[in-house]
There are 2 protein chains.
Amino acid sequence: MNFVVIGGDAAGMSAASRAKRTDPNLDVIVLEQTQDVSYSACGMPYNIADAGRPIDDLVVRKAEVFRQKQGIDLRTGHRAEAIDPSRRTVSGTGPGGSFVIAYDRLLIATGARPAMPDLPGIDSDGVVALKKLEDGRHIKGLLRGRNVERVVILGMGYIALEMAEALRSRGIAVSLVKPRPGLLPWMAPELSAVVGQELAANGVVRHDGRRPERIEARGDRLRMVGDGLDLSADMVLAAIGVAPNSEMAAAAGLDLGPGRAIAVDRGMQSSVPGIYAAGDCADAFHVVTGQRVYIPLALRANRAGWAAADNACGGSTELEGIAGTAVFKVFRLEVARTGLTVDEAAAAGFDPVSVVVTTSSRAHAHPGAGKIHVHLVGDRGSGRLLGAQMVGTEGAAHRINAAAVALHAKMTVAGFAQTDLSYAPPFGPVWDPLLTAANQLVKKL
Amino acid sequence: MNFVVIGGDAAGMSAASRAKRTDPNLDVIVLEQTQDVSYSACGMPYNIADAGRPIDDLVVRKAEVFRQKQGIDLRTGHRAEAIDPSRRTVSGTGPGGSFVIAYDRLLIATGARPAMPDLPGIDSDGVVALKKLEDGRHIKGLLRGRNVERVVILGMGYIALEMAEALRSRGIAVSLVKPRPGLLPWMAPELSAVVGQELAANGVVRHDGRRPERIEARGDRLRMVGDGLDLSADMVLAAIGVAPNSEMAAAAGLDLGPGRAIAVDRGMQSSVPGIYAAGDCADAFHVVTGQRVYIPLALRANRAGWAAADNACGGSTELEGIAGTAVFKVFRLEVARTGLTVDEAAAAGFDPVSVVVTTSSRAHAHPGAGKIHVHLVGDRGSGRLLGAQMVGTEGAAHRINAAAVALHAKMTVAGFAQTDLSYAPPFGPVWDPLLTAANQLVKKL
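Draft legend 1. Region of interest: the overall build of chain A. Along chain A, the regular secondary structure elements total 12 helices and 25 strands. Taken against the 2.2 N^0.38 rule, which gives 22 Å for 445 residues, the C-alpha radius of gyration of chain A at 23 Å falls within 12% of a compact globule. Its C-alpha atoms give chain A principal-axis dimensions of about 65 × 55 × 40 Å. Sequence-distant contacts in chain A: of pairs separated by 6 or more residues, those separated by 24 or more amount to 65%.

Shown next, in the form of structure tokens:
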């Protein structure tokens, strides 16, 4: 009996470790095309910010540890290329040439890749993306090797903003470019304006609503040209989103879901029995809508890896799904969301009502306070809480979890408004900002 | 139609304001024995820490504002002394002598007072407590007037610890004294040990398990003497807990609940129709046990004031109850709890199982991380989550809210372990410390 895992990152290595712990006699084989396994991909912007730290600091567990201490047959440099569900085999190319491996249970954990804009010159030297550890290594090499003074970032999502902060901290000029107008369009305008001010205050130049047409390269110098756009740069970072690595799964006949991610049930099984998928290549059910969504994030990847392993070992683990909880830091701000936006709620058939409130991050007269902005979305019909967004200098990143738990519990806004949240002067006002928002939203529902 | 409120602090002024907003024609009369209304009592330790800040910085809204802008008949210097439910009157003493006021609806919001130990010398000059703004004013005056170099604090609860920090920040030597052994006995020993180390690292000397026998005063100098105890001090602070001001209610025939607090239903009505009670003088239902408890804290006081006002105005607001969520800061540590301890759970008829886990406060390899310690309690029979405690240098105070919401939702530990909590490297590990604890507790249940 064996368990073959394609992909040695968060979902894949979580699954391999869990399966081997559950059943030490199981033959666990991991096929990973790069040499890097088990690293903190999300930590890359913070590592890049510090020229003195090697990128390998982000490695959580080395390949040898998985092999020698955990008994996992981890095959780095092995690129899986095709799955044959009828013969139950995976074929591909490794250091010793092509290979074919038979599997009893298979986990596809191929992750995602950065989406690259379709631009002339996008393949120029100095145009980079950030997803794999190798990408981080490459960027650090460029920053070290070239005299990088100016970077243009394509995209304004959380990786773009985290990288803007990292590069500014190294004294590099940063311009953000995005074809469509508006910063963080999923965010309530009052909150995204706060993020916009923070970017401006830190010298990040935004060009949103500007469509790039081409990238020109001359030596180490790049130039991004477009409608009302002519920016010189020593490096261009594409951070416009990710696409699931699902082509091999699709070719093998597995159903795809939203965003062309591999469709899985609550036990991480794909449409083909015996084949599981987990991590950034797979979809998930949203706990608010019950619908399939593609929101690839780290916690889900780890959790889905465990669930797939449990089930590959004969268990019956089911995951409730995701609430779409996400946080990031941008300069002094914490930005957080969970659940649905007003637009997503309307699209899912709810009748959304929302509020925005701004309160202090600490109690009345407590020194050192900042502002905290809360956007809360509820459903007029049922009174249910549907989503929350927060931006503030402190207390947004962890506070959002209270709303996330409420979404899992399918609480009403009125019920959420009754919760006994913490209070002490250094940490917030008597009424937590979430409660103040909930109290106001209750009146509008 | 009038609404008479006894007590002009958090619950009383919240109720008066709410009632006047709901029904501008209602005659709202507040009887307050001091001159101070609507101030942040919880902020006093932080104000005391700063010699340069007047204590009146803590006043949120002045008496004139309530009178002139809100139309509330706020009578400071009026001490209510007796309630006659059969005649529906309150009598007492004011600046102009004795008074009798007839009420249609009555709210008792008399708060609590510091419990004072029964010690010879406890009434000496220089022995203080901290509850009312006047107490804070008095303490600041002592610190200014005497050359206070040493303070002995009786008690080791959160006010004692907050004041220890405040006094240490002013360079004052602090000793904590408590008759019974153990710091924060409600806390898991692994967590209270962390708090103990933090106190020691900041030069706070603990004498627990030492029973004081008397306080001797000589001029401005105090001496606390007891079994193995002989401490000199310039000031002694009694911080051993609070007792509800419920004597007048009891004399009027109102039922008392746990801790001799006024027993109220979910609409804040006492056992006598037309008489409500809210704030630190009243009890509450615990959302985990459904039982009456006396846990006087600020959020509940404000919320109960609103609910009492709504119902006095003819509404039908009911409060779910409290989860016992409480946080405080002590030096660099955030200390948080919600729900039941193991002992409380056992006493309430549960079969408690618990875990303690220690994780990093930030992601792998993220700079600046501290440790975060989590104690989680579940019920073996039902699998329900019963309580949580956290101690850490960052991320405990707001994280606890996720557990508090789960308690309101009566979630199982397994359900809580499935929640989609936030992750980004500056704010925590991929698996939030609460999830790591929940994952471990699930295995033990």
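What follows continues from the structure just given.
Draft legend 2. Region of interest: the nonpolar core. Core analysis: the biggest nonpolar cluster contains 308 residues, and A:Ala278 and B:Ala278 have the highest contact counts within it. Contacts of B:Ala278, omitting those with residues within four sequence positions, involve B:Ala11, B:Ala15, B:Leu107, B:Ala109, B:Met268, B:Ala301, B:Ala304, B:Gly305 and B:Ala308.

Draft legend 3. View of the relation of the copies chain A and chain B. It takes a turn of 180° to lay chain A on chain B, together with a shift of 0.0 Å along the axis; the resulting RMSD is 0.0 Å. Classification of the inter-copy transformation places it as that of a two-fold axis. Among all residues of chain A, the minimum C-alpha distance to the rotation axis is found for A:Ala402, at 2.1 Å. A high fraction, 100%, of the interface residues of chain A reappear at the interface in chain B, so the copies pair face to face through one surface.

Draft legend 4. Molecular detail of the packing of helix H1 (residues 10-22) of chain B against helix H8 (residues 298-312) of chain B. Residue and element names in this part refer to chain B. The geometry of H1 relative to H8 is characterised by a closest axis approach of 7 Å and an angle of 35° between their N-to-C directions. In this structure, the crossing between H1 and H8 has a hand that is right-handed. Of H8, the residues touching H1 (which contributes Ala 10, Ala 11, Gly 12, Ser 14, Ala 15, Arg 18, Ala 19 and Thr 22) are Ala 298, Ala 301, Asn 302, Ala 304, Gly 305, Trp 306, Ala 308, Ala 309, Asp 310 and Ala 312. Among the residues making up the contact of H1 with H8, the classes are represented as 11 nonpolar, 5 polar and 2 charged.

Draft legend 5. Region of the structure containing the sheet that holds strand S9 (residues 127-128) of chain A. Residues and elements named next belong to chain A. Spatial ordering of the open sheet is given by S9-S16-S10-S11-S12, a layout of 5 strands whose pairing is parallel. Edge strands, defined here as strands with exactly one partner in the open sheet, are S9 and strand S12 (205-208). As defined by bridge partners, strand S10 (residues 150-154) adjoins strand S16 (residues 235-238) across 4 bridges and the pair is classed as parallel. Pairing of Val 151 across the sheet is with Met 235, part of S16.

Draft legend 6. Structural view of the domain arrangement of chain A. All names here are of chain A. Domain annotation for chain A reports domain 1 (2-34 + 77-113 + 242-312), domain 2 (116-238) and domain 3 (326-444). Spacing between the C-alpha centres of domain 2 and domain 3 amounts to 31 Å. Only helix H5 (158-169) and helix H6 (189-201) provide two or more residues apiece to the side of domain 2 that touches domain 3. Broken down by element, the residue count for the side of domain 2 that touches domain 3 peaks at 5 residues, all from H6.

Draft legend 7. Examining H5(A) more closely. Residues and elements named next belong to chain A. In this model, H5 (12 residues) spans 17 Å end to end at C-alpha, consistent with the 16 Å of a helix rising 1.5 Å per residue. Buried residues dominate H5, accounting for 9 of its 12 residues. Within H5 the residues assigned to the buried category are Ile 159, Ala 160, Leu 161, Glu 162, Met 163, Ala 164, Glu 165, Ala 166 and Leu 167. Just downstream of H5 lies Gly 171, where phi reads positive at about 80°.

Draft legend 8. A look at the interface of chain A and chain B. Contacts between the two partners involve 49 residues from chain A, matched on the other side by 49 residues from chain B. Mapped onto the side of chain A that touches chain B, the elements with two or more residues apiece are helix H8 (298-312), strand S21 (326-330) and helix H10 (400-408) of chain A. In terms of residues, the side of chain A that touches chain B owes the most to one element, H10(A), which gives 7 residues. Within the side of chain A that touches chain B, the residues separate by chemical class into 31 nonpolar, 13 polar and 5 charged.

Draft legend 9. A look at the pairing of strand S11 (residues 173-178) of chain A. Residue and element names in this part refer to chain A. Buried residues dominate S11, accounting for 5 of its 6 residues. Taken together, the 4 bridges between S11 and S12 define a ladder with parallel strand orientation. The residue of S12 that forms the bridge with Leu 176 is Arg 206. Each parallel crossover has a hand, and the one from S11 via H6 to S12 is right-handed.

Draft legend 10. Representation of helix H10 (residues 400-408) of chain B. Counting buried positions over the 9 residues of H10(B) gives 9, a clear majority of the element. If you check which residues of H10(B) are buried, you get B:Ile400, B:Asn401, B:Ala402, B:Ala403, B:Ala404, B:Val405, B:Ala406, B:Leu407 and B:His408. Where H10(B) is buried, its residues contact H10 of chain A together with strand S21 (326-330), strand S22 (333-339), strand S25 (385-392), helix H11 (413-417) and helix H12 (433-444) of chain B. Phi turns positive, to about 55°, at B:Lys410, one or two residues after H10(B).

Draft legend 11. View of the confidence of the model for chain A. Summing up the model confidence of chain A, the mean pLDDT is 97 and the portion of residues at 70 or higher is 100%. Two numbers describe this predicted complex: its pTM, 0.97, and its ipTM, 0.97.

Draft legend 12. Local environment of the pairing of strand S24 (residues 371-379) of chain A. All names here are of chain A. Burial analysis of S24 places 8 of its 9 residues in the buried class, the great majority of the element. Bridge count between strand S23 (residues 352-360) and S24: 9 bridges; the pairing is antiparallel. Each residue of the ladder has a partner; that of Thr 359, found in S24, is Ile 372. As paired strands, S24 and strand S25 (residues 385-392) are joined by 7 bridges and run antiparallel to one another. The residue bridging His 373 from the neighbouring strand is Val 391, located in S25. Between S24 and S25, which pair antiparallel and follow one another directly, the connecting turn spans 5 residues, one of which, Gly 383, has a positive phi of 80°.

Draft legend 13. Spatial organisation of the sheet that holds S22(B). Residues and elements named next belong to chain B. One open sheet accounts for 5 strands, arranged S21-S22-S25-S24-S23; its pairing is antiparallel. Two strands close off the open sheet at either side, each with one partner strand: S21 and strand S23 (352-360). Between one strand and the next, the sheet's axes are offset by a mean angle of 10°, whatever the strand orientation. Each of S21, S22 and S25 is contacted by H10, which is oriented at about 5° to S22, the strand it contacts most.

The rules behind each value
- Residues numbered from 1 in each chain as written.
- Chains lettered and ligands numbered in written order.
- Predicted model: local features only at pLDDT ≥ 70, side-chain atom pairs only at ≥ 80, totals over all residues.
- Helix = DSSP H or I, 4+ residues; strand = E, 2+ residues; numbered from the N terminus.
- Rg over C-alpha atoms; globule rule 2.2 N^0.38 Å.
- Contact = placed C-beta atoms within 7 Å.
- Core = buried A, V, L, I, M, F, W, Y, C linked by C-beta atoms within 7 Å.
- Buried ≥ 20, exposed ≤ 12 C-beta atoms within 10 Å, placed from the backbone.
- Least-squares fit on C-alpha atoms with pLDDT ≥ 70 in both.
- Axes fitted to C-alpha atoms, helices over the stretch in contact; angles between N-to-C directions.
- Left-handed = near helix turned anticlockwise from the far one by under 90°.
- Nonpolar A, V, L, I, M, F, W, Y, C, P; charged D, E, K, R; others polar.
- Pairing = 2+ DSSP bridges.
- Domains from an automatic or database assignment.
- Expected span 1.5 Å × (residues − 1).
- Right-handed = clockwise from strand over helix to strand, strands pointing away.
- pLDDT = per-residue confidence, 0-100.

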